[in-house]
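# Coordinates in review
Here are the chains, one letter per residue:
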Amino acid sequence: QVQLVESGGGLVRPGGSLRLSCTASGSAFNFNFAHWYRQPTGNRRDLVATITSGGVTNYADSVSGRFTISRDAAKNTVYLQMNSLKPEDTAVYYCNQDVELSRGGGLDVWGQGTPVTVSS
């Protein structure tokens, strides 16, 4: 029905930047809102950022001022721009989108996860 494919993760030095992408494909849908979560090895999955269909954004205190969530509706893609990266940002990052299918019904869809490692 709807699938999310994530990309953009990798290895970066402290203070560096990465841009994660989350592209939706499949059945026709209307976007409601999206989240980025992250899960460090051995720890819980935590909410990082949220964006609504109206462009309203929210961030976890740990990333506020450094990360920016955005959306390109024409490309069905949600982004997470990560600047001033710190070692504690190291985690697998997961995209989550809530959509309404054009044929009816809602879906909460998860990406496959993309790893980010911040290390010198």
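Let me sum up the structure you'll find in this document. Bear in mind that the values here come from a model prediction, so they are computed numbers and not experimental data.

## A closer look at the overall build of the chain
Counting its regular elements, the chain contains zero helices and 11 strands. The helix and strand sequence of the chain, counted from the amino end, reads β-β-β-β-β-β-β-β-β-β-β. On C-alpha atoms alone, the chain measures out to a radius of gyration of 14 Å, which is about the 14 Å that the 2.2 N^0.38 rule sets for 120 residues. Expressed along its principal axes, the backbone C-alpha trace of the chain runs to roughly 50 × 25 × 25 Å. The proportion of buried residues among the 120 residues of the chain is 39%. When contacts within the chain are restricted to residue pairs at least 6 apart in sequence, those whose partners lie at least 24 apart make up 56%.

## As for the pattern of salt bridges
With the rule as written, the count across this model stands at three salt bridges. For aspartate 46, the salt bridge identified is with arginine 44, shortest N-O distance 2.5 Å. The residue arginine 66 makes a salt bridge to aspartate 89 at a minimum N-O spacing of 2.7 Å. Of this pair, arginine 66 sits in the loop between β6 (57–59) and β7 (67–72) while aspartate 89 sits in the loop between β8 (77–82) and β9 (91–101), placing them 23 residues apart in sequence. For the pair shown, arginine 66 and aspartate 89 are each scored as buried.

## A few points about the side chain of threonine 50
Within the secondary structure, threonine 50 sits in strand β5 (residues 46–52). Within the structure, threonine 50 has its side chain in polar contact with the side chain of histidine 35 (distance 3.4 Å). Leave out the neighbours within four places in its chain, and threonine 50 touches Ala34, His35, Val56, Thr57, Asn58 and Ile69.

Scoring rules and cut-offs
- Residues numbered from 1 in each chain as written.
- Predicted model: local features only at pLDDT ≥ 70, side-chain atom pairs only at ≥ 80, totals over all residues.
- Heavy atoms only, no water.
- Helix = DSSP H or I, 4+ residues; strand = E, 2+ residues; numbered from the N terminus.
- Rg over C-alpha atoms; globule rule 2.2 N^0.38 Å.
- Buried < 20%, exposed > 50% of the residue type's maximum accessible area, 1.4 Å probe, protein only.
- Contact = heavy atoms within 4.5 Å.
- Salt bridge = Lys/Arg side-chain N within 4 Å of Asp/Glu carboxyl O.
- Polar contact = N/O pair within 3.5 Å; in protein donor to acceptor, adjacent residues only side chain to side chain.

Functional significance is not addressed by these values, which are geometric in nature.
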